[in-house]
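Spelled out from the first residue to the last, the chains are:
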Amino acid sequence: VSTHASGIAEIDAVAHALADAVTQRTEHEAERDSLLNAEREARTVAQAAQTQLERLVSASAVLSRSLEEESTLQAIAGIIVPHVADLCRIDLLDEHDVLERKLTHHADPARSAEIATFVDNSAAPTTGPGSFPWAVASGQTFIGNLDNPGDFELLDPQLRAFVQMLGITAGCVVPLVARGRTIGAMAILQDRSKRRFSPADGALIGELAQRAALALDNVRLLARARKAQTQAEVASQAKDEFLAMLGLSLIH
């Protein structure tokens, strides 16, 4: 609305009033759009949080169903792939604190075999950032989108070769810690989907890693308890046999 003075007071007043009305309407529309955008963003965040909570509750339920190592590892793989990432790999420390590969799972079995073969044929494991030994020793998590030069350069040459050879686009390596003790490490990687990791993804992976570590630790505790029980039963049987033989010798 033009507000050029006409020289007629009444007309000029109406023109100014119309201009003010247009300005106020524009401001109100902008404020309304801003509020609607904020509401949509808040709804999106709330839905994402609800989805994450449901995923964590489901993961806890799934992981509580088994106390056998193989089925627990497969349950973890099913939680991670393909909903969170394309590939999940887990190494656990053995009784000598040496990392032992326990799981390499991709949605494509041929891809799982390809990656496992590559790892087997690689040189001795690196201890640089992003490696399993690094995660176990430092207790830190590495997460990066590897199409970002800054994240890629953090990796040492051996891991860079792994990333380039297998077309990894994003990766997260997290220590598995249960009851204050590190029991291994888990890698969650993206390749064919070309997905990237956000801060929210990092938080979700951290929560899943805690649940996976606790489940695997429970498996090991049960295995140790079973072994101890078996040893006690063998010792008890040996004792009974010894006492029986001693009794017979005393009789004769």
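One can find the structure itself at the top, above this paragraph.
Chemist: Tell me about the sheet that holds strand 5 (residues 181-190), and please be specific about residues and values.
Modeler: Strand order in the open sheet formed by 5 strands is 2-1-5-4-3, with antiparallel pairing between adjacent strands. Both outer strands of the open sheet, strand 2 (99-106) and strand 3 (142-145), are each paired with one neighbouring strand and no more. Strand-to-strand twist in this sheet, taken as the mean axis angle between neighbours without regard to direction, amounts to 15 degrees. Examined bridge by bridge, strand 1 (residues 87-93) and strand 5 share 6 bridges and lie antiparallel to one another. Looking across to strand 5, one finds that R89 is bridged to A187. Against the sheet, helix 2 (residues 69-80) engages strand 1, strand 2 and strand 5, with an angle of about 45 degrees to strand 2.

Chemist: So what about the side chain of T104? Which residues, and what values?
Modeler: Residue position: T104 is located in strand 2. Not counting the four nearest positions on each side in its chain, T104 is found in contact with L87, C88, R89, S112, I115 and A116.

Chemist: Explain the packing of aromatic side chains to me, using residue names and the numbers behind them.
Modeler: Summed over all chains, the structure comprises 1 aromatic pair. Where F118 meets F162, the ring centres are 5.6 Å apart and the plane angle is 55 degrees; that geometry is what we call tilted. Of this pair, F118 sits in helix 3 (residues 109-120) while F162 sits in helix 6 (residues 157-166), placing them 44 residues apart in sequence. The cationic tip of R89 hangs over the ring face of F132; the distance from NZ or CZ to the ring centre is 4.8 Å.

Chemist: Describe helix 3, listing the residues and the values that go with them.
Modeler: Under the 1.5 Å per step criterion, the end-to-end length of helix 3 is 17 Å for 12 residues, consistent within 8% with the ideal 16 Å. Turning to helix 3, its buried residues number three or more, namely R111, S112, I115 and A116. The arc that holds every buried residue of helix 3, seen down its axis, measures 135 degrees, which confines them to one face. Exposed residues pointing more than 90 degrees away from the buried face of helix 3 are listed as A110 and D120. Each element contacted by the buried residues of helix 3 is listed here: strand 1, strand 2 and helix 6. A side-chain oxygen of the first residue of helix 3 lies 3.0 Å from the backbone nitrogen of A110; this N-cap is D108.

Chemist: Outline the side chain of T72, listing residues and values.
Modeler: As for its position among the elements, T72 is in helix 2. Separated by 2.8 Å, the side chain of T72 and the backbone oxygen of E68 make a polar contact. Contacts of T72, omitting those with residues within four sequence positions, involve L63, S66, A215, L216 and V219.

Chemist: Just give me the short version of the pairing of strand 4 (residues 170-178), but keep the residues and values in it.
Modeler: By the criterion of burial, strand 4 is predominantly enclosed, with 8 of the 9 residues buried. Pairing of strand 4 with strand 5 involves 9 bridges; the strand directions are antiparallel. Residue pairing in the sheet places G171 in a bridge with L189 of strand 5. Between strand 4 and strand 5, which pair antiparallel and follow one another directly, the connecting turn spans 2 residues, one of which, R179, has a positive phi of 55 degrees.

Conventions used here
- Residues numbered from 1 in each chain as written.
- Predicted model: local features only at pLDDT ≥ 70, side-chain atom pairs only at ≥ 80, totals over all residues.
- Heavy atoms only, no water.
- Pairing = 2+ DSSP bridges.
- Helix = DSSP H or I, 4+ residues; strand = E, 2+ residues; numbered from the N terminus.
- Axes fitted to C-alpha atoms, helices over the stretch in contact; angles between N-to-C directions.
- Contact = heavy atoms within 4.5 Å.
- Phe/Tyr/Trp six-rings, centres within 6.5 Å; stacked < 30°, edge-to-face > 60°.
- Lys NZ or Arg CZ within 6 Å of the ring centre and 35° of its normal.
- Expected span 1.5 Å × (residues − 1).
- Buried < 20%, exposed > 50% of the residue type's maximum accessible area, 1.4 Å probe, protein only.
- Arc of directions from axis to C-beta.
- Polar contact = N/O pair within 3.5 Å; in protein donor to acceptor, adjacent residues only side chain to side chain.

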